[in-house]
Amino acid sequence: MNLDFSNPERQDGQHASTAPYSANPILQKTLKTSIGCTGIGLHSGSRVALKLHPAPADSGIVFRRIDLVGGGTEIPARWSSVTDSRLCTVIADEHGISVATVEHLMAALYGMGIDNAVVEVNGPEVPAMDGSAWPFMFLIECAGIAELEVSRKALRIRKPKSYTNGAKRVSFVPAKSALRIDFEIDFRAPAIGRQHCSFTITPETFKTEISRARTFGLLSEVTALREAGLARGGSLENAIVVDGDRILNDDGLRHANEFVRHKVLDAVGDLYLCGHHIVGHFSGHCSSHADTARLMKQVLADPSAWELVEIDERASTWHDAEPIAALA
Ligand SMILES: [Zn+2]
């Protein structure tokens, strides 16, 4: 592996493995202690150190560039900070100071139920690690999860919204509880082909079904990105690479439908840029970061399409989020 992740640095020198599964879902969460790791940026190819710190209630997820003079300004992980979502999701402050590829870390924070954290990086990109959210989830488990004595608010989708871009389509409809994601992809490359999956996002399903699904690319695209000066840090250690009907990674796939599971992972991370856990049913069909961004901006721009609600006992049971309205 091209990273020294095997020994995460917890600042109090202790080991913890506090899973969120028995935690009270009504209360906000943060990390018990600070923890860090280093890895390679997928696009920049440079080595980046990442540190996650506890943060107070209602502060949300905030990124900070510590390689810049003065410690850099804080960049809230919110849709209003998103400046680019073509290849990955990039957030920036008003001076253009940016952090790229935030989505896999954001997915891990959502999946582990972390409401508040400060994320420090000493470069322009979150390290790619193994191309999934699992290393970040492991870091959070090692740090431990602390409950804060403040209620969590969820963003509940109140009416259907959709966005279509050619063959790509994304939609949100209301749901009874939690976030449900359906995703379908259809690639010409036979090694990927047509895949579909559907999950209600809970700490348990995120960990076992989604967190280990890696990012992927077609060999032809990887070559083109490299020629454009991108994907410099990309390798078979942090992405699945497909050439027609072949998977070039020696160790093969982690799930038969790992590709579409990764699209669910990306959607979780991108959707968390609304700043809250979500009660709604999201569907993606052959869609990308940019399509999710368009849909969420459309939802958030319509005050009648969503509301912030205290998570009640009913929502806190994390039962299946069956849609209660369907798109015509
Ligand atoms: Zn991804």
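Structure's up top.
Before going into details, it helps to say that this report is about the structure given with it. (Residues numbered from 1 in each chain as written. Predicted model: local features only at pLDDT ≥ 70, side-chain atom pairs only at ≥ 80, totals over all residues. Heavy atoms only, no water.)

Regarding the overall build of the protein
Of regular secondary structure, the protein possesses seven helices and 21 strands. Relative to its 328 residues, the protein shows a buried fraction of 56%. The long-range fraction of contacts in the protein, counting pairs at least 24 apart against all pairs at least 6 apart in sequence, stands at 76%. When the accessible surface of the protein is summed, it comes to about 13,600 Å², and 51% of that surface belongs to carbon and sulfur atoms. (Helix = DSSP H or I, 4+ residues; strand = E, 2+ residues; numbered from the N terminus. Buried < 20%, exposed > 50% of the residue type's maximum accessible area, 1.4 Å probe, protein only. Contact = heavy atoms within 4.5 Å. Areas by Shrake-Rupley, 256 points an atom, 1.4 Å probe, with all protein chains shown as cover.)

Digging into the packing of helix α5 (residues 258-271) against helix α6 (residues 289-301)
Packing of α5 against α6 leaves a shortest axis separation of 10 Å and a crossing angle of 40°. Read as a crossing pair, α5 and α6 show a hand that is right-handed. Of the residues in α6, those touching α5 at D266, D270 and L271 are H289, T292 and M296. Within the contact of α5 with α6, the residues separate by chemical class into two nonpolar, two polar and two charged. (Axes fitted to C-alpha atoms, helices over the stretch in contact; angles between N-to-C directions. Left-handed = near helix turned anticlockwise from the far one by under 90°. Nonpolar A, V, L, I, M, F, W, Y, C, P; charged D, E, K, R; others polar.)

So, the sheet that holds strand β19 (residues 246-247)
What the three strands build is an open sheet, ordered β17-β18-β19; its pairing is mixed. Where the open sheet ends on each side, the last strands, each with one partner, are β17 (216-218) and β19. Bridging between strand β18 (residues 240-243) and β19 involves two bridges; their strand directions are antiparallel. Across the sheet, the residue bridging to V242 is I247, located in β19. (Pairing = 2+ DSSP bridges.)

Some remarks on the coordination of the zinc ion
Coordination of the zinc ion by the protein is provided by H104 (NE2), H262 (NE2), D266 (OD) and D266 (OD), with metal-donor distances spanning 2.0 to 2.7 Å. For the zinc ion, the four donor atoms in the first shell make angles of 52 to 148° at the metal, a pattern classed as irregular. The sequence pattern describing where the donors of the zinc ion fall on their chain is H-x157-H-x3-D. Taken as a pair, H104 in helix α1 (residues 103-111) and D266 in helix α5 lie far apart in primary sequence, 162 residues in all. For H104, a relative accessible area of 9% corresponds to the buried category. (Donors = N, O, S within 2.8 Å, 3.2 Å for Na, K, Ca; no water. Tetrahedral: all angles 85-135°; square planar, octahedral: opposite > 155°, others 65-115°.)

So, the environment of A92
Secondary-structure assignment places A92 in strand β8 (residues 90-92). A residue is classified by how much of its surface remains accessible, and A92, at 10% relative accessible area, is buried. Non-local contacts of A92, meaning those with residues more than four positions away in its chain, are made with I75, S81, T83, I97 and S98.

Remarks on the pairing of strand β5 (residues 61-65)
Judged by how many residues are buried, β5 sits mostly within the fold: four of five residues are covered. The sheet contact formed by β5 and strand β10 (residues 117-121) spans five bridges and is parallel. Across the sheet, I61 pairs through a bridge with A117, a residue of β10. As paired elements, β5 and strand β6 (residues 74-76) share three bridges and run antiparallel to each other. Looking across to β6, one finds that F63 is bridged to I75.

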